[in-house]
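Structural description and commentary
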Amino acid sequence: MDSSIAPGTGPGTDAGPDLPDFGIPPRLARRMSMAEQYEYLRTKLTRRRALVTAGMLAGGGLLTGCASGTGTGARSPSATATGAVHGSAITPFGRHLAFGADPKTQMRISWQVPLAVRKPYIRVGAAPWDLSRKIDAELRDLHTPGLTGIRLALDQYYLHAALDGLRPGTTYYYGVGHEGFDPASKEHRATVGSFRTAPATSPDTFVFTAFGDQGVTPDALANDKLILGRRPAFHLHAGDICYADVNGLGDTSDSFDPGAWDLFLKQTETVARSVPWMVTTGNHDMEAWYSPNGYGGQSARWTLPDNGFDARNAPGAYSFTYGNVGIVALDANDVSYEIPANKGYSGGRQTAWLDKRLGELRGSAEVDFVVVFFHHCTYSTSSHASDGGVRAVWLPLFAKHQVDLVINGHNHVYERTDAIKDGRVGRQVPVGASTDPTRDGIVYVTAGGAGRSLYSFPAGVKDSYEGKVADRESVDTYQWTESKEQHPETVEWSRVRYTGYSFLSVEAQAGATPRLKVSALAESGRRVDHFEVRRGA
Ligand SMILES: [Fe+2]
Ligand SMILES: [Fe+2]
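Residues numbered from 1 in each chain as written. Chains lettered and ligands numbered in written order. Predicted model: local features only at pLDDT ≥ 70, side-chain atom pairs only at ≥ 80, totals over all residues. Heavy atoms only, no water.

1. So, the overall build of the protein
In plain terms, the rule: Counting from the N terminus, the helices are the DSSP runs of H or I reaching at least four residues and the strands are the DSSP runs of E reaching at least two. Relative accessibility thresholds used throughout: buried, under 20% of the residue-type maximum; exposed, over 50%; partly exposed, between the two (1.4 Å probe, protein chains only). Contact between two residues is taken to exist if any of their heavy atoms lie within 4.5 Å; hydrogens are not considered. Note on areas: Shrake-Rupley with a 1.4 Å probe; residue coverage comes only from the protein chains shown.
Broken down by element type, the protein carries nine helices and 26 strands. Split into buried and exposed, the 537 residues of the protein put 61% on the buried side. Across the protein, contacts joining residues at least 24 apart in sequence account for 73% of those joining residues at least 6 apart. Carbon and sulfur atoms form 51% of the exposed surface of the protein, whose accessible area is close to 19000 Å².

2. Topic: the nonpolar core
Considering soluble globular proteins, one finds that nonpolar side chains tend to be buried as a cluster. To keep things clear, this is the line we draw: By nonpolar core is meant a set of buried Ala, Val, Leu, Ile, Met, Phe, Trp, Tyr and Cys residues that side-chain atoms within 4.5 Å join together.
One finds Phe-208, Phe-234 and Leu-236 to be the most contacted residues of the largest nonpolar core, which totals 100 residues. It is helix α5 (residues 259-272) that provides the largest number of residues to this core, a total of six residues. If we skip the residues at most four places from it in the chain, Phe-234 touches Phe-99, Phe-206, Val-207, Phe-208, Thr-209, Val-275, Pro-276, Phe-320, Tyr-322 and Ile-327. Grouped together as the second largest cluster of nonpolar side chains are 33 residues, Ala-314, Leu-330, Val-372 and Ile-420 included.

3. Some thoughts on empty space enclosed by the protein
Over the atoms a probe the size of a water molecule is rolled, and this reveals where empty space is left. The criterion, for reference: The method works on a 1 Å grid over the protein atoms by themselves. A cavity is a set of points holding a 1.4 Å probe that cannot get out, a pocket is an open set with protein on both sides within 12 Å along at least five of seven lines, and residues with an atom within 4 Å of a point line them. Grid points are joined across faces, edges and corners, and a volume is the space filled by probe spheres set on the points. Residue type decides the class: Asp, Glu, Lys and Arg count as charged, Ala, Val, Leu, Ile, Met, Phe, Trp, Tyr, Cys and Pro as nonpolar, and the leftover types, Gly among them, as polar.
Counted under the stated rule, the structure contains two cavities of 30 Å³ or more. Taken together, Ile-241, Val-279, Thr-280, Thr-281, Gln-298, Trp-302, Leu-304, Pro-315 and Gly-316 make up the full set of residues lining the second largest cavity. The residue inventory of the lining of the second largest cavity, partitioned by class, reads five nonpolar, four polar and no charged.

4. Regarding the pairing of strand β14 (residues 369-373)
Basically, it comes down to this: DSSP bridges decide pairing: two strands pair if at least two such bridges lie between them.
In terms of burial, β14 is a largely internal element, five of the five residues being buried. Here strand β13 (residues 325-329) pairs with β14 via five bridges, running parallel. The partner of Val-325 across the bridge, within β14, is Phe-369. Where β14 lies against strand β16 (residues 405-408), three bridges are found, and the strand directions are parallel. Bridging from a neighbouring strand, Val-372 pairs with Val-406 of β16.

5. Details of the packing of helix α7 (residues 349-363) against helix α8 (residues 388-400)
Stated precisely, the cut-off is as follows: Note on geometry: axes are C-alpha line fits, over the in-contact stretch for helices, and angles between N-to-C directions span 0 to 180 degrees. Put simply, angles under 35 degrees are roughly parallel, angles over 145 are roughly antiparallel, angles from 65 to 115 are roughly perpendicular, and the rest are oblique.
At a closest axis distance of 10 Å, the pairing of α7 and α8 adopts a crossing angle of 10 degrees. On the basis of the axis angle, α7 is roughly parallel to α8. Contacts between α7 and α8 pair Gln-350, Thr-351, Leu-354, Asp-355 and Leu-358 from the former with Val-393, Trp-394, Leu-397, Phe-398 and Lys-400 from the latter. Across the contact of α7 with α8, the residue classes tally to six nonpolar, two polar and two charged.

6. Regarding the packing of aromatic side chains
We apply this condition: Within 6.5 Å between ring centres, the rings of Phe, Tyr and Trp (the latter by its six-membered ring) count as paired, and their orientation is classed by plane angle as stacked under 30 degrees, edge-to-face over 60, tilted in between. Each ring is checked for a lysine NZ or an arginine CZ that lies within 6 Å of its centre and within 35 degrees of its normal; such an atom marks a charge sitting over the ring.
Within the structure shown, the criterion is met by 23 aromatic pairs. With a centroid separation of 5.6 Å and an interplanar angle of 80 degrees, the aromatic rings of Tyr-478 and Trp-480 are classed as edge-to-face. Tyr-478 gets classed as buried once you look at its relative accessible area, which sits at 12%. When the ring centre of Trp-289 is taken as origin, the NZ or CZ atom of Arg-42, which lies over that ring, is 3.7 Å away. The ring of Tyr-243 has Arg-452 lying over it, and the distance from NZ or CZ to the ring centre is 4.3 Å.

Written out as C-alpha cells, the structure is:
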C-alpha cells in the first residue's frame with residue numbers, strides 16, 4: 001500500500017499492518033521516536049536468534065559505512081573478500097553519481113554488487129579507451145534480518161569511490177570493477193559511463209531537473225528517460241526515494257522490504273550513471289533498523305556532499321553551487337508536524353546551519369539564485385496538504401535570505417503557488433508570468449509526481465495547468481499543527497494544479513539579466529506549467 005494514504009483520502013488513514021514479529025501495537029508505535037524504534041528493533045530482533053543470520057551475529061556488517069566519505073565504519077576493500085564466488089561471475093549494477101561539496105572538482109561514484117567482491121575499484125580517464133587511473137572503492141554493507149513469514153534476511157553490498165581534484169568543465173569516463181571484473185577489458189567496455197564536472201565560471205545557461213516520490217514503477221522509469229533526454233547538469237530528488245518502507249509513518253509497524261532498493265537502483269542507473277542524482281530524505285526514507293535516526297541505510301547507499309550540519313548521520317542535508325545557482329537540501333523529517341518520528345532530532349543544528357548557509361550563498365558573488373529543496377510541503381492543497389512545522393521553523397529564514405525557489409514533494413501531484421509573502425499572495429504568478437522574489441515573495445513548487453501512485457486535490461477542485469487553466473478564487477485545505485491536527489485554511493495561492501506524473505525542469509541563465517526559467521513537464525513530455533524568476537527585475 002502506498003504511503004499513508006490512498007488518492008483522494010485523508011492522510012494517516014493507513015496505519016500499516018500490525019506485524020506480530022514486531023509486537024508493538026500500532027497505537028503505541030506511533031508515539032515512539034525513530035531512536036526508540038531503533039532501540040526496540042535492535043533489542044527484540046537481536047534476541048531472536050532464530051531470525052538472525054550468522055552474518056548479522058558477526059557484527060561487522062551491521063551498520064558499517066555510514067560516514068559519507070569520512071571513513072568511519074567503512075571497511076577496507078580487502079575486507080570484502082569472501083572468495084565464495086569468483087569475481088568474473090559478479091556483475092556490478094545500480095551505478096549512481098553525486099557531486100561532492102564542490103561540483104567543479106569532486107564527483108562520487110556509487111554502485112552495488114550482488115555478492116561480496118575482492119578489491120573493488122573504479123577506473124577513470126579522459127577517454128573511454130584510456131581508463132588508466134585506478135582508485136580503490138569503499139564498501140558499506142547492510143544486513144537486514146529476516147522476519148518469519150514476511151521477508152528473508154538480506155545482505156546488500158554498496159561500493160563508493162570519491163574523485164577529487166578533477167578539472168572543472170571536463171568530461172570524464174569511468175568504469176566500476178573488482179578483482180575478476182575489469183571495466184577496461186573488451187568484455188566489459190560497454191559498461192563504461194561518463195560525467196561532466198561543473199564549469200569553472202557560470203555557463204550562459206544550464207538545466208537542472210527535480211521531482212520527489214518516485215518508487216519503482218513504469219511511470220518512474222518514463223520520467224527518468226525524459227529527464228535523461230533533457231541532459232540536465234544534475235537532478236534533485238526531494239525524497240520518498242524508493243518506498244522500501246511502504247507505510248512511511250515512521251512507525252515500528254511499518255513493513256520494510258530492503259530488496260526494493262535493488263530494483264530502485266537498477267531503474268535509476270539508466271539516468272543516474274551520467275546525471276548526478278542528488279537525493280534528500282522523505283518520510284519513507286526513515287528506516288528504523290539501520291540507525292537511531294533511520295538514515296543508516298541512506299548513508300550506505302548514497303554519498304552526498306559532506307558539508308551539512310552532520311554529514312555522517314544526516315545525509316539529506318547539504319549544499320552545493322553550480323554555475324550561478326546555490327542549492328540547499330534539507331531533511332524535513334526534522335521539523336515535520338505531520339509525521340514527527342524524527343522531529344527535533346537535530347536539536348536545532350540543521351536550522352542553524354540553514355541560516356548560516358543561506359547567508360553565505362546570498363553573499364556569494366557567483367550566486368544569483370538560491371534554490372532550497374526538501375520533502376514535506378510548505379504550501380500545498382493536495383492530500384497531505386501543508387506542514388505547519390516547515391512553515392514555523394524554516395519560513396522565517398527563507399524570507400530573511402530571500403530564497404528564490406522552494407521545491408517539495410510528499411504530495412503525489414504537481415502544484416505551484418503564486419509568489420507568497422508573509423503567508424499570503426504577494427503577487428499572482430499565472431502560467432507564463434515573471435516574478436521577482438525581492439518584491440513579490442517566494443514561489444513554492446510541489447513536484448511529487450515522480451512515479452508513485454498519484455494523489456488528488458480536494459473534492460471539487462479541478463486541475464488548472466498550461467493549456468487548461470481553471471482558475472479559482474480560493475481552495476479549502478488545511479495545515480498540520482504541532483498537536484497533529486488538521487487546521488483548516490482557505491487559501492488563494494494555489495495557482496497551478498496537475499494530477500499526473502511529471503517533473504520540474506529549470507533552465508538557469510546567467511549574464512546581465514540572470515533568470516530561472518522554470519517549467520513542469522508531464523511524463524508525456526507535454527509542458528504543463530512555466531514561469532520565470534528574476535531578481536530586481
Ligand atoms: Fe510520497
Ligand atoms: Fe512523503
